[in-house]
Amino acid sequence: MSARGHGSVVVYCTVLLLLTAVLWGLGLGVGSSGWHNPFAAWQDAIDRQILLDIRAPRTIGAWLVGALLGLSGAVAQGLFRNPLAEPYLLGSSSGATLALAVVLSLSGQSVWATSIAWHVGLTGVAFVGALGGVALTLFMARGASHTMRLLLSGVVVGVVLGAFTSLMTVWSAELWRTMQSFMLGNTGLLSWTSCGVLLGTWALTLPMALVLARVLDALTLGEETARSLGIPLGWARAALVLVLALSAGAAVAQSGLIAFVGLAAPHLVRRHTQTRHVGLLLAASLMGGVVLLGADVLARWVIAPQELPVGVVTAVLGGTYLLWLMHRRAA
């Protein structure tokens, strides 16, 4: 990366960190009844407990979920060399949803399902299901050696597992009501434990992705060029899929299906700065955190004291942005 490009990435990431600080302040202040000064809330015992036990973990957790989605979106777009690739492309979302639907439908009827729900928790079930969806995709694609086969396998797995989930919800209206919050995206149940899991996953996957940034740069030039540079594409793709599975799986397990953040965050970064993948991955991760936390604050505030599902807000904002971007490029 040139000195000029490095400098622009540093400035851009600094701006994103400043926006993060502002949004954290807003997140601590916006509650079910509107805006409350977080410094004034500290003086009252009940308000302080709400601030520490509800708003703070939700604010930090929402940013971490967005950071993981932004990172996984940038990895997916680089891996598949497709700007429309998104984090759930390898079956993580459909696997998590189906696993959750199976355990919820059998809970109370099956000792096995009840035991899993009790010991692992629903977020654990969703995470295992997400990894299972990715594993099924890899099995169908016979590994990660061929990008197109991997992409098509992910699409097929997503459709098939999604069909099974839809069939189960048709049979049980109660199951649909129970899963509705997960399928529309929800940051309201994020806790300090969730923040710990998300932070640990981000601390693991971000360095892995940055180490693999050179592989993504080579893939943009074509597979033959990447091989000529001495890059072992099979192992490199497998490592990238692992990063993608862990980051997307943790995000889905903790907050449900949140649309467009992983797709839009890398586009927003590319629009404002030109950089190689080492800068793009970091900036896209920070941008994902900013986008999701901003959407979460908006979801809490727009119709307070009620809340909009944050996945609906991100879908509306992200879809509108991408439509505008397509219209502008076509003009």
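To be clear, the structure that these remarks concern was listed above.
Caption draft 1: Here's a closer look at helix α14 (residues 277-301). Under the 1.5 Å per step criterion, the end-to-end length of α14 is 35 Å for 25 residues, consistent within 8% with the ideal 36 Å. For α14, a buried count of 19 out of 25 residues is recorded, marking the element as mostly surrounded by other parts of the structure.

Caption draft 2: Representation of the layout of surface pockets in the model. What the largest pocket holds in volume is close to 330 Å³. Forming the boundary of the largest pocket are 18 residues, of which L122, T123, F182, L189 and A253 lie nearest the centre. The set of elements that each furnish at least two residues to the lining of the largest pocket consists of α4 (92-106), α6 (122-140), α8 (173-184) and α12 (233-255). Of the residues forming the lining of the largest pocket, the biggest block, 4 residues, is contributed by α8. Grouping the amino acids of the lining of the largest pocket by side-chain chemistry returns 9 nonpolar, 9 polar and no charged.

Caption draft 3: Molecular detail of helix α9 (residues 192-211). Between its first and last C-alpha atoms α9 spans 29 Å; for 20 residues at 1.5 Å apiece the expected length is 28 Å, and the two agree. Those residues of α9 that fall on the buried side of the exposure criterion are S194, C195, L198, T201, W202, T205, L206 and A209. Viewed end-on, α9 has its buried residues packed into an arc of 135°, placing them on one side of the element. What points out from α9, more than 90 degrees from its buried face, is the exposed set T193, A203 and V211.

Caption draft 4: Examining the pattern of salt bridges more closely. Following the criterion strictly, the structure yields 3 salt bridges and no others. Linking R58 and E307 is a salt bridge whose minimum nitrogen-to-oxygen distance equals 2.9 Å. You can see R58 sitting in helix α3 (residues 45-80) and its partner E307 sitting in the loop between α14 and α15 (310-330), a full 249 residues away along the chain. Classification of R58 as buried rests on a relative accessible area of 8%.

The rules behind these values
- Residues numbered from 1 in each chain as written.
- Predicted model: local features only at pLDDT ≥ 70, side-chain atom pairs only at ≥ 80, totals over all residues.
- Heavy atoms only, no water.
- Helix = DSSP H or I, 4+ residues; strand = E, 2+ residues; numbered from the N terminus.
- Expected span 1.5 Å × (residues − 1).
- Buried < 20%, exposed > 50% of the residue type's maximum accessible area, 1.4 Å probe, protein only.
- 1 Å grid on protein atoms, 1.4 Å probe; cavity = no way out; pocket = protein on both sides within 12 Å on 5 of 7 lines; lining within 4 Å.
- Points joined across faces, edges and corners; volume = space filled by probe spheres on them.
- Nonpolar A, V, L, I, M, F, W, Y, C, P; charged D, E, K, R; others polar.
- Arc of directions from axis to C-beta.
- Salt bridge = Lys/Arg side-chain N within 4 Å of Asp/Glu carboxyl O.

The values reported here are purely geometric and, on their own, carry no functional implication.
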